[in-house]
Amino acid sequence: MTNQKKPSRNLTMLTDFYEITMSNGYFSNGYRDTVVYFDMFFRHIPDDGGFAIMAGVQQLIDYIKDLEFTDDDIAYLESTHMFQKEFLEYLRNFQFACDVWAIPEGTPIFPGEPIVTVRGPVIQAQLIETMLLLTINHQSMIATKANRIVRAAQGRAVMEFGSRRAQGADGAIYGARAAYIGGCCGTACTICAPDFGVPALGTMAHSWVQLFDSELDAFRAYAREYPSNCTLLVDTFNVLKSGVPNAIKVFQEELLPRGYRPAGIRIDSGDITYLSRKARKMLDEAGFPDCKICASNSLDEYIIRDMLMQGAKVDSFGVGERLITSGSEPVFGGVYKLAGVEDANGNIIPKIKISENVAKITTPCFKGLWRLFDRDTGKAIADVVTLHDEVIDDSQPYEIFDPEHIWKRKMVTNFRAVKLRKKIFEHGQCIAEERTLEEIKRYCAEQVDTLWEEVTRFENPHQYYVDLSPALWDIKNRMIEENTALSQR
Ligand SMILES: Nc1ncnc2c1ncn2[C@@H]1O[C@H](COP(=O)(O)OP(=O)(O)OP(=O)(O)O)[C@@H](O)[C@H]1O
Ligand SMILES: O=P(O)(O)OC[C@H]1O[C@H](OP(=O)(O)OP(=O)(O)O)[C@H](O)[C@@H]1O
Ligand SMILES: O=C(O)c1cccnc1
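Just so it is clear, the model here is predicted, and its values are computed rather than measured. (Residues numbered from 1 in each chain as written. Chains lettered and ligands numbered in written order. Predicted model: local features only at pLDDT ≥ 70, side-chain atom pairs only at ≥ 80, totals over all residues. Heavy atoms only, no water.)

Trainee: I'd like a rundown of unusual backbone geometry, residues and numbers included.
Mentor: Phi angles above zero are rare outside glycine, and serine 298 is one such case at about 45°. Mapped onto the fold, serine 298 is located in the loop between strand 10 (292-296) and helix 13 (301-309). Positive phi values are uncommon outside glycine, yet asparagine 460 reaches one of about 40°. Tracing the backbone through its elements, the reader meets asparagine 460 in the loop between helix 16 (453-456) and strand 21 (465-468). (Helix = DSSP H or I, 4+ residues; strand = E, 2+ residues; numbered from the N terminus.)

Structure below.
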């Protein structure tokens, strides 16, 4: 199974209206065929983490492949009386012709690096901004959050339970996809199984227990229905006085005689540490040391970490609202900025955006992006943003320096330099390598493993180096100086 289902809706018009008004203006001002370079990058890692996880590229690909203005779309635009006829004809015959580079899904990403670059006619590059940012911001945010939660669980399974609290259907579906990339073992969101190959899983609701005449009846009925995968929700009435004793009774009377072992119990309220420890003891004493304990109830990475530090006996976690909404920081602020424009001779004229806030000054030029890995440890040392045609020769020592504090320098030796981005569209044709979601998830785990613990810790993580090559740094600084001089005149 591939990792993608084609979208059933035409989302071409899911673009900010100003993209269309600007494009119409580019068209009438002679910029119709002007080739530009746009970069997507982000400035801040949610939850003050040390890294984020790239996700959502496949949905960008789907969107671009299906770009098409329907007759209804054109009729609507015409009805606004804001667009010239020739421009609407251009849209009617729209053929995507850009090159697009993106960091593969599942890769750890850092602020300030061009995670996506689009090169092509300005009208086209502008038009896709909204969906490009929407899909990558959303899924990267959820994959990043999921990865934090999964790391807090220290090898225990984390199930994504959030559909009911997601912000809309797409939030649930693509959120579950991203959560799987980030490391969740599956989702309660059933549609993600046939559509993306994310395992659908789950336990039971309180309504099941409430519906029957008694908790015992409810457990018995479930055990008879699903003897090979029997996880019972034990907190409807009283976990230790009723839920766990009834579960043990049912395991003994319904499962063992038929040759089955229990799968687990789920605790969804109260002090999970206390209850799970007591429940563990009761299950062990009853001869069910293999019966897993699942915990849920407004969990996040901090609560999970604390519970485990307190000695909770939990084998798996079900996490909903705080994962699917990235509740602690529900915005991934990726932006899309113009970095260059080609002149009539095909020379790339770098473009910069200056800001009072240094962090908001953009990095001009058509760029390349490299990650340097230590050859002995396999660990990532730094990322280097270069000019697009620069090559980092990893047979030679390479000096990296902090672009804001240039006296901070480090000579890197014995490293492997890897180009981080892959070309996914060439002259409008998709050339992206197909990967299953399973492959992306595995790759994500491997790549997170290449980060030092200093970068992955939750509190005050070390800021991973994202440096500029000397050539790129020179151009950027010259442009800042020129612009500053101009504005002082
Ligand atoms: N040992 C623990 N350490 C830290 N947080 C915990 C621990 N046990 C549970 N929690 C968290 O504390 C919160 C408890 O929520 P709340 O006060 O609503 O209690 P509750 O058990 O859900 O109540 P209710 O009976 O209404 O379901 C949840 O977010 C839960 O995950
Ligand atoms: O707390 P979250 O992290 O969002 O995890 C999902 C929650 O959704 C369910 O509760 P709900 O009360 O909606 O239904 P239920 O009767 O199935 O428990 C489940 O029991 C969890 O508590
Ligand atoms: O299967 C479950 O246990 C489940 C599914 C959705 C939300 N909460 C729990």
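Continuing now.
Trainee: Run through the sheet that holds strand 15 (residues 380-387), naming residues and quoting values.
Mentor: Taken in spatial order, the 4 strands line up as 18-14-15-21 in an open sheet, and their pairing is mixed. The open sheet has two free edges, formed respectively by strand 18 (415-419) and strand 21, since each of these has just one partner strand. Taking the axes of each pair of neighbouring strands and ignoring which way they run, one obtains an average angle of 25° across the sheet. For strand 15 and strand 21, the ladder comprises 4 bridges, and the chain directions are parallel. In the strand pairing of strand 21, aspartate 383 is matched with valine 466. (Pairing = 2+ DSSP bridges. Axes fitted to C-alpha atoms, helices over the stretch in contact; angles between N-to-C directions.)

Trainee: Report on the site of ligand 3, specifying residues and quantitative values.
Mentor: As a matter of local geometry, ligand 3 sits amid Phe161, Arg164, Ala188, Gly202, Thr203 and Arg266. In the environment of ligand 3, an oxygen atom lies 3.3 Å from a nitrogen or oxygen atom belonging to the side chain of arginine 266. Partitioning the shell around ligand 3 into residue classes produces 2 nonpolar, 2 polar and 2 charged. (Near = heavy atom within 4 Å. Polar contact = N/O pair within 3.5 Å; in protein donor to acceptor, adjacent residues only side chain to side chain. Nonpolar A, V, L, I, M, F, W, Y, C, P; charged D, E, K, R; others polar.)

Trainee: Now, about the domain arrangement of the protein: what can you tell me, with residues and values included?
Mentor: What the domain assignment lists for the protein is domain 1 (17-142 + 330-487) and domain 2 (203-294). The straight-line distance from the C-alpha centre of domain 1 to that of domain 2 is 50 Å. (Domains from an automatic or database assignment.)

Trainee: So what about the confidence of the model for the protein? Which residues, and what values?
Mentor: One rule of thumb: low pLDDT means the predicted coordinates there are not for detailed reading. In this model, the protein carries a mean pLDDT of 96, and residues with pLDDT of at least 70 account for 98%. What the predictor reports for the complex is a pTM of 0.97 with an ipTM of 0.96. (pLDDT = per-residue confidence, 0-100.)

Trainee: Lay out the UniProt feature "domain: Nicotinate phosphoribosyltransferase N-terminal" (unreviewed entry) in the protein with the relevant residues and their values.
Mentor: UniProt annotation of "domain: Nicotinate phosphoribosyltransferase N-terminal" (unreviewed entry) refers to residues 13-137 when read in the numbering used here. Helix makes up 42% of residues 13-137 and strand 17%, and the two end C-alpha atoms of the span are 19 Å apart. (UniProt positions renumbered as here; feature names shortened; annotations may be inferred.)

Trainee: Describe the UniProt feature "domain: Nicotinate phosphoribosyltransferase C-terminal" (unreviewed entry) in the protein, and please don't skip the residues or the numbers.
Mentor: Residues annotated in UniProt with the feature "domain: Nicotinate phosphoribosyltransferase C-terminal" (unreviewed entry) correspond here to residues 367-476. From the first C-alpha to the last, residues 367-476 spans 12 Å; its make-up is 21% helix and 36% strand.

Trainee: Please give an account of the nonpolar core that cites residues and values.
Mentor: Core analysis: the largest hydrophobic core is formed by 134 residues, its most contacted members being Leu91, Val116, Phe251, Ile265 and Phe317. When residues of this core are assigned to domains, at least three map to each of domain 1 (17-142 + 330-487) and domain 2 (203-294). Sequence-distant contacts of valine 116, defined by excluding residues within four places in its chain, comprise Phe38, Asp39, Met40, Met54, Val100, Trp101, Ala102, Leu132, Ile136 and Arg421. Membership of the second largest hydrophobic core comes to 11 residues, among which are Leu372, Ile381, Ala382 and Val384. (Core = buried A, V, L, I, M, F, W, Y, C linked by side-chain atoms within 4.5 Å. Buried < 20%, exposed > 50% of the residue type's maximum accessible area, 1.4 Å probe, protein only. Contact = heavy atoms within 4.5 Å.)

Trainee: Can you lay out the sheet that holds strand 13 (residues 348-350) for me, pointing to particular residues and giving the numbers?
Mentor: Sheet architecture is open: 7 strands sit in the order 13-12-1-5-3-19-20, paired in antiparallel fashion. Of all the strands in the sheet, the pair left with one neighbour each is strand 13 and strand 20 (429-430). In the sheet, strand 12 (residues 335-342) pairs with strand 13 via 3 bridges, with the strands oriented antiparallel. The residue of strand 13 that forms the bridge with glycine 340 is proline 350. Contacts between helix 2 (residues 57-65) and the sheet are confined to strand 3 (99-102), strand 19 (422-426) and strand 20, with strand 19 contributing the most and set at about 10° to the helix.

Trainee: Report on the packing of aromatic side chains, specifying residues and quantitative values.
Mentor: Applying the stated criterion across every chain yields a total of 19 aromatic pairs. On the basis of an interplanar angle of 65° and a centroid distance of 5.7 Å, the ring pair of phenylalanine 27 and phenylalanine 87 is categorised as edge-to-face. Separated by 60 residues along the polypeptide, phenylalanine 27 in helix 1 (residues 17-28) and phenylalanine 87 in helix 4 (residues 85-92) bring together distant segments of the chain. With centroids separated by 5.2 Å and ring planes inclined at 55°, the aromatic side chains of tryptophan 101 and phenylalanine 366 adopt a geometry described as tilted. Taken together, the positions of tryptophan 101 in strand 3 and phenylalanine 366 in the loop between strand 13 and strand 14 (367-374) put the pair 265 residues apart, joining distant regions of the chain. Each member of the pair, tryptophan 101 together with phenylalanine 366, is buried. Of the aromatic side chains, those joined through ring pairs into one cluster are Phe17, Phe27, Phe69, Phe83, Phe87, Tyr90 and Phe94. Taking the ring centre of phenylalanine 401 as reference, the NZ or CZ of arginine 409 above it sits at 4.7 Å. The ring centre of tyrosine 443 lies 5.0 Å from the NZ or CZ of arginine 435, which sits over that ring. (Phe/Tyr/Trp six-rings, centres within 6.5 Å; stacked < 30°, edge-to-face > 60°. Lys NZ or Arg CZ within 6 Å of the ring centre and 35° of its normal.)

Trainee: Explain the site of ligand 1 to me, and be specific about the residues and the numbers.
Mentor: As a matter of local geometry, ligand 1 sits amid Ser269, Gly270, Asp271, Ile272, Thr273, Asn297, Ser298, Leu299, Ile303, Met307 and Gln310. A distance of 3.0 Å is found between a nitrogen atom of ligand 1 and a backbone nitrogen or oxygen belonging to isoleucine 272. Separating a nitrogen atom of ligand 1 from a side-chain N or O atom of threonine 273 is a distance of 2.8 Å. Bound to the protein, ligand 1 loses 53% of the 640 Å² it would expose on its own. Among the secondary structure elements, those contributing two or more residues to the shell around ligand 1 are helix 12 (272-285) and helix 13. Across the shell around ligand 1, the residue classes tally to 4 nonpolar, 6 polar and 1 charged. (Areas by Shrake-Rupley, 256 points an atom, 1.4 Å probe, with all protein chains shown as cover.)

Trainee: With reference to specific residues and values, describe the packing of helix 11 (residues 239-255) against helix 12.
Mentor: A pair of packed helices is captured by two measures, namely the crossing angle of their axes and the spacing between those axes. Look at helix 11 against helix 12: their axes get within 11 Å of each other, and the N-to-C directions meet at 35°. Of the two possible hands of crossing, helix 11 and helix 12 adopt the one that is right-handed. Taken together, the residues of helix 12 that come into contact with helix 11 (itself represented by Val239, Leu240, Val244, Pro245, Ile248 and Phe251) are Tyr274, Leu275, Lys278, Ala279, Met282 and Leu283. Of the residues that constitute the contact of helix 11 with helix 12, the class distribution is 11 nonpolar, no polar and 1 charged. (Left-handed = near helix turned anticlockwise from the far one by under 90°.)

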